[in-house]
Amino acid sequence: MALLACHNRKKKTVECLAAFYAQGADLDVALSAVLVDDGSSDGTADAVRAEFPDVAVERGDGNLFWCRGMHRAQEVAVKSRPDFLLWLNDDTTVAPGALRNLLAVHDRAKERGQDVVVVGTTIDPTTSALSYGGLKPVSRLRRYSFVKLPISSESQECVAMNGNIVLVPRAIYERVDLDPVFEHALGDIDYALRVRAAGFSVAVAPGFSGSCSANVAAGTSMDPSLPMWARWQKFIGRKGLPPSSWRHFVKRHAGWAWPLYFTYPYVNFVLRIAKDCVLGKERN
């Protein structure tokens, strides 16, 4: 059963669901989906109901964002105890045969007596560069700063993940749930870390599993053309690194050192925007 959360991306949401249901052409499985439409004003819910009448559509008030929207979708989905949950970002197009590939990685692990969350890698449709997938820490010291694992012809273990395409078997989702404390991001990374802490594995499927455009810097905290205060507000805002979510994350995972991990990204960001400001003045 696929889980999606959306907000005002009608065309992309419909395309995402169409690509998902197309996976059934070469699989002997029953496909279903739960969509949380978080306050869309562009007719997304009506379009989905018209195109895919079997999709369970839940409505939010616009304040759920990704993690809480996906948590609500999972609350609905688990009532029927499906064999698998498939997290899907609504702006992601699943590649033909991707679900078969994800299931194959799960089945091989199951034969070895392991339960595993399987992550699909996406590429940017414009540049063909890797956009989202499995993650590994930058270093032992910076263990909560992550870089993407490269695409491989073999499945590979990962420490954390982006939640664009993720297959979660029942044995795991009944033990580990998405944490709705997170306001938008971090929920997928936290989930992977807790899955591993519970004794399960997280693996990246071989090849790429779909396409999804990478986030761009323009208009975000990483945009050097914005005023410093505006960048700071975006950085600590819901789509950046809100302090309440980050504090919850590091207190859970970093042990006694959590205050250091909590402070680091904010200090680092202030230094970065100050440097950008100096460089901008020098250019002018």
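Note: the structure precedes this text.
Now for a quick tour of the structure.

Calculation notes
Residues numbered from 1 in each chain as written. Predicted model: local features only at pLDDT ≥ 70, side-chain atom pairs only at ≥ 80, totals over all residues. Heavy atoms only, no water. Helix = DSSP H or I, 4+ residues; strand = E, 2+ residues; numbered from the N terminus. Rg over C-alpha atoms; globule rule 2.2 N^0.38 Å. Contact = heavy atoms within 4.5 Å. Areas by Shrake-Rupley, 256 points an atom, 1.4 Å probe, with all protein chains shown as cover. Core = buried A, V, L, I, M, F, W, Y, C linked by side-chain atoms within 4.5 Å. Buried < 20%, exposed > 50% of the residue type's maximum accessible area, 1.4 Å probe, protein only. Axes fitted to C-alpha atoms, helices over the stretch in contact; angles between N-to-C directions. Parallel < 35°, antiparallel > 145°, perpendicular 65-115°, else oblique. Left-handed = near helix turned anticlockwise from the far one by under 90°. Salt bridge = Lys/Arg side-chain N within 4 Å of Asp/Glu carboxyl O. Expected span 1.5 Å × (residues − 1). Arc of directions from axis to C-beta. Pairing = 2+ DSSP bridges. Right-handed = clockwise from strand over helix to strand, strands pointing away. Lys, Arg positive; Asp, Glu negative; His and termini not counted.

### Structural notes on the overall build of the protein
Across its full length, the protein carries nine helices and 15 strands. Taken over C-alpha atoms, the radius of gyration comes to 19 Å for the protein, in line with the 19 Å a tight globule of 284 residues would show. Taken along the three principal axes of its C-alpha coordinates, the protein extends 60 × 45 × 35 Å. Long-range pairs, those at least 24 residues apart, make up 70% of the contacts in the protein between residues at least 6 apart in sequence. For the protein, the computed accessible surface area is about 13900 Å², with 54% contributed by carbon and sulfur atoms.

### Focus: the nonpolar core
With 49 residues, the main nonpolar core has Trp87, Val117, Met161, Val168, Tyr191, Trp246 and Phe249 as its most contacted residues. The contacts of phenylalanine 249, once residues within four sequence positions are left out, are Tyr144, Phe182, Leu186, Ile189, Asp190 and Leu193. One finds Cys16, Val55, Ile165 and Leu167 within the second-largest nonpolar core, a separate group that totals 32 residues.

### Some points on the packing of helix H1 (residues 10–22) against helix H2 (residues 44–51)
With their axes 9 Å apart at the nearest point, H1 and H2 run at an angle of 30° to one another. Regarding the angle of H1 to H2, the classification is roughly parallel. The chirality of how H1 crosses H2 is right-handed. Contact residues: Lys10, Thr13, Val14 and Leu17 in H1; Thr44, Ala47, Val48 and Glu51 in H2.

### Re the pattern of salt bridges
Scanning all chains against the criterion turns up twelve salt bridges. A salt bridge links arginine 81 to glutamate 174, with the nearest nitrogen and oxygen atoms 3.0 Å apart. Of the two residues, arginine 81 sits in the loop between helix H3 (65–77) and strand E4 (84–88) while glutamate 174 sits in the loop between helix H5 (170–173) and helix H6 (187–197), which places them 93 residues apart along the sequence. Taking relative accessible area as the criterion, arginine 81 reaches 44% and is therefore assigned partly exposed. Measuring nitrogen to oxygen at the nearest pair gives 2.9 Å for the salt bridge that ties arginine 252 to aspartate 179. Linking arginine 252 in helix H8 (residues 243–253) with aspartate 179 in the loop between H5 and H6, this pair joins segments that are 73 residues apart in sequence. Here the salt bridges share partners, and the residues they tie into one network are Asp179, Asp190, Arg194 and Arg252.

### Considerations on helix H4 (residues 98–111)
Across its 14 residues, H4 extends 20 Å between first and last C-alpha, which sits within 8% of the 20 Å expected from 1.5 Å per residue. Where H4 is concerned, the buried positions are Ala98, Leu99, Leu102, Leu103, Val105, His106 and Ala109. In an axial view of H4, the angular spread of the buried residues amounts to 155°, which keeps them on one side of the axis. Among the structural elements, E4, strand E5 (93–94), strand E6 (116–119), strand E13 (165–169) and strand E14 (201–204) are those in contact with the buried residues of H4. Positive backbone phi, at 80°, marks glycine 113, one or two positions downstream of H4.

### Comments concerning the sheet that holds strand E7 (residues 122–123)
Reading across from one edge, E5-E15-E7-E8 is the order of the four strands in this open sheet, with mixed pairing throughout. This sheet does not close on itself; its edge strands, each paired only once, are E5 and strand E8 (130–132). As judged from the two bridges shared by E5 and strand E15 (residues 210–211), these two strands associate in the antiparallel manner. Following the sheet pairing, threonine 93 is matched in E15 by serine 211.

### Focus: the pairing of strand E2 (residues 33–38)
Counting buried positions along E2 gives six out of six residues, so the element sits mostly inside the fold. Two elements, strand E1 (residues 2–6) and E2, share five bridges in a ladder whose sense is parallel. Within E2, the position partnered with leucine 3 by the bridge is valine 34. The handedness of the E1 to E2 crossover, carried by H1, is right-handed. Here E2 pairs with strand E3 (residues 56–60) via five bridges, running parallel. Of the residues in E3, the one forming a bridge with valine 34 is alanine 56. Once the chain exits E2 it traverses H2 before rejoining the sheet at E3, and the crossover so formed is right-handed.

### Thoughts on the side chain of aspartate 38
For aspartate 38, the position within the fold is in strand E2. This buried residue, aspartate 38, is left without a salt bridge; arginine 72 holds the nearest opposite charge, at 6.6 Å. Excluding its chain neighbours within four sequence positions, the residues that come into contact with aspartate 38 are Cys6, His7, Gly60, Asp61, Gly62, Asn63, Leu64 and Phe65.

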